Amino acid sequence: MPMVEGFSFDLTVIWAFLIAAAVLIYVILDGFDLGLGMLFALERKRGDRDVMMNTVAPVWDGNETWLVLGGGGLMAAFPLAYALILPALYMPIILMLLALIFRGVAFEFRWRAERGSMRAAWDAAFIGGSGIASLCQGIALGALLQGIDIDKAARSYSGGWWDWLTPFSLTVGVAVMAGYMLLGATWLVMKTTGELQERMRTRAWPLGVATLVFIGIISLWTPFLQEGYYSRWFAGWHIGLAGGVALAVLAIAALMFRSLTIHRHEYRPFVLALALFSLCFVGLGVSMFPYIVPTEVTIWEAAAPRRSQVFMLVGASVLLPIILAYTAYAYWVFRGKIDPESGYH
């Protein structure tokens, strides 16, 4: 691992954590948004669909700010990683972006559609965009975890066009879809009332079980993808770490299920679902760090020059508090239950 002296070493780690934080915030914010879109397919009543969409109408576009921040930060702070990862994942990333575009357009146009057939078409675009975007995000993550073929001498991607499409990446894609639907269901438990809330409470249970099963499958599969992963979890004292993480996941899941069915809380299931995602993200970080392209390129090898990192950190120290402030303010202003009689926005 190359060592960088003084402040530059710290800056590289800081930027790695900043980008990881931006990705995590995007996952937990836009995750329930995308999950709600997939749950849209299970609701047939126009009124219920309108209420579901109104729960995220004021905040959905702000959620995607963090995706732009994560992608832009990767390009600026770790240009080599950006140059290696993007060619390997062009197809799932392009499909994800197109799906998000169709989904965003559907948000606005479905409310303007007067004829039933047109509204149905926009509803289908919303459902399909949410599902494809979620699947592609999981596939991209799975493809990154399983490893990317690179030519270190040429500093370029050396794999094939379809290397991203494997049983593991598809499994991660479906797992992300199930997890996002769990977030969406618990979000609607928190934001709605009546029959719609009860249906979402009922649906959150099997979605939680499916998410837990996928977490187990992927956690057991990942260490055998590359030697570096195995030593992180199943060698020496790391076995205790793996056991601790597994117990924490089970404890959070148990609290979430109890909160849904026994105590019938409204806010707590969503918070616990977010905690479950956050814990999985921490486990992902433990598996990958200090590699940004597993297990080929470390964050220090991919980092931008020190002056660039300093310049960007000054800008980030100004912009990040502003983004966090307006995001928190938007959620605070639109807190509470959704009135079924209220219109869009």
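Quantities reported herein were computed from a predicted structural model and do not represent experimental measurements. (Residues numbered from 1 in each chain as written. Predicted model: local features only at pLDDT ≥ 70, side-chain atom pairs only at ≥ 80, totals over all residues. Heavy atoms only, no water.)

Caption draft 1: Quick peek at unusual backbone geometry. Cis peptide bonds are those with omega within 30 degrees of zero, and the linkage from Phe289 to Pro290 qualifies with 5°. Topologically, Pro290 is positioned in the loop between helix 12 (268-288) and strand 3 (291-293). (Helix = DSSP H or I, 4+ residues; strand = E, 2+ residues; numbered from the N terminus.)

Caption draft 2: Representation of the pattern of salt bridges. Applying the stated rule across the entire model yields nine salt bridges. Put simply, Glu43 and Arg199 hold a salt bridge, and the shortest N to O gap is 2.8 Å. In this pair, Glu43 is assigned in the loop between helix 1 (6-39) and helix 2 (46-56) and Arg199 in helix 9 (residues 194-221), connecting sequence segments 156 residues apart. We classify Glu43 as buried; its relative accessible area is 3%. Since its relative accessible area comes to 24%, Arg199 is described here as partly exposed. (Salt bridge = Lys/Arg side-chain N within 4 Å of Asp/Glu carboxyl O. Buried < 20%, exposed > 50% of the residue type's maximum accessible area, 1.4 Å probe, protein only.)

Caption draft 3: Structural view of the confidence of the model for the chain. The predicted model of the chain has a mean per-residue pLDDT of 84, with 93% of residues at 70 or higher. Of all the helices and strands in the chain, helix 10 (residues 227-234) carries the lowest mean pLDDT, 73, while helix 8 (residues 167-191) carries the highest, 93. Long-range and interchain partners of residues 1-9, a stretch whose pLDDT sits below 50, account for 13 contacts in this model, where long-range means more than four residues apart. (pLDDT = per-residue confidence, 0-100. Contact = heavy atoms within 4.5 Å.)

Caption draft 4: Here's a closer look at the packing of helix 4 (residues 65-77) against helix 5 (residues 79-88). Where helix 4 meets helix 5, the axes come as close as 5 Å, and the angle between the chain directions of the two elements is 120°. Taken together, helix 4 and helix 5 sit at an angle that is classed as oblique. Within the contact between the two elements, helix 4 uses Gly71, Leu74, Met75, Ala76 and Ala77 and helix 5 uses Pro79, Ala81 and Tyr82. (Axes fitted to C-alpha atoms, helices over the stretch in contact; angles between N-to-C directions. Parallel < 35°, antiparallel > 145°, perpendicular 65-115°, else oblique.)

Caption draft 5: Main features of the packing of helix 10 against helix 12. The N-to-C vectors of helix 10 and helix 12 enclose an angle of 120°; their axes lie 8 Å apart at closest approach. One way to sum up the angle between helix 10 and helix 12 is to call them oblique. Along the contact surface, helix 10 presents Tyr229, Arg232 and Trp233, while helix 12 presents Gly283, Val286, Ser287 and Met288. Grouping the amino acids of the contact of helix 10 with helix 12 by side-chain chemistry returns four nonpolar, two polar and one charged. (Nonpolar A, V, L, I, M, F, W, Y, C, P; charged D, E, K, R; others polar.)

Caption draft 6: Representation of the packing of aromatic side chains within the structure. Within this structure, the stated rule accounts for 13 aromatic pairs. Ring centres 5.1 Å apart and planes at 75° place the aromatic pair Phe107 and Phe126 in the edge-to-face group. One end of the pair, Phe107, is in helix 6 (residues 90-109); the other, Phe126, is in helix 7 (residues 116-146), with 19 residues separating them in the sequence. The side chain of Arg335 reaches across the aromatic face of Trp332, ending 3.8 Å from its centre. (Phe/Tyr/Trp six-rings, centres within 6.5 Å; stacked < 30°, edge-to-face > 60°. Lys NZ or Arg CZ within 6 Å of the ring centre and 35° of its normal.)

Caption draft 7: Layout of the side chain of Arg103. Along the chain, Arg103 falls in helix 6. At 2.8 Å, the side chain of Arg103 forms a polar contact with the side chain of Ser130. Among residues more than four places away in sequence, those in contact with Arg103 are Asp33, Leu34, Trp60, Glu64, Ala125, Phe126, Gly129 and Ser130. (Polar contact = N/O pair within 3.5 Å; in protein donor to acceptor, adjacent residues only side chain to side chain.)

Caption draft 8: Geometry of the environment of Gln309. Mapped onto the elements of the fold, Gln309 is located in helix 14 (residues 306-333). Given a relative accessible area of 0%, Gln309 falls into the buried group. Distance from Gln309 to Trp15, taken between C-alpha atoms, is 7.9 Å for residues 294 residues apart in sequence.

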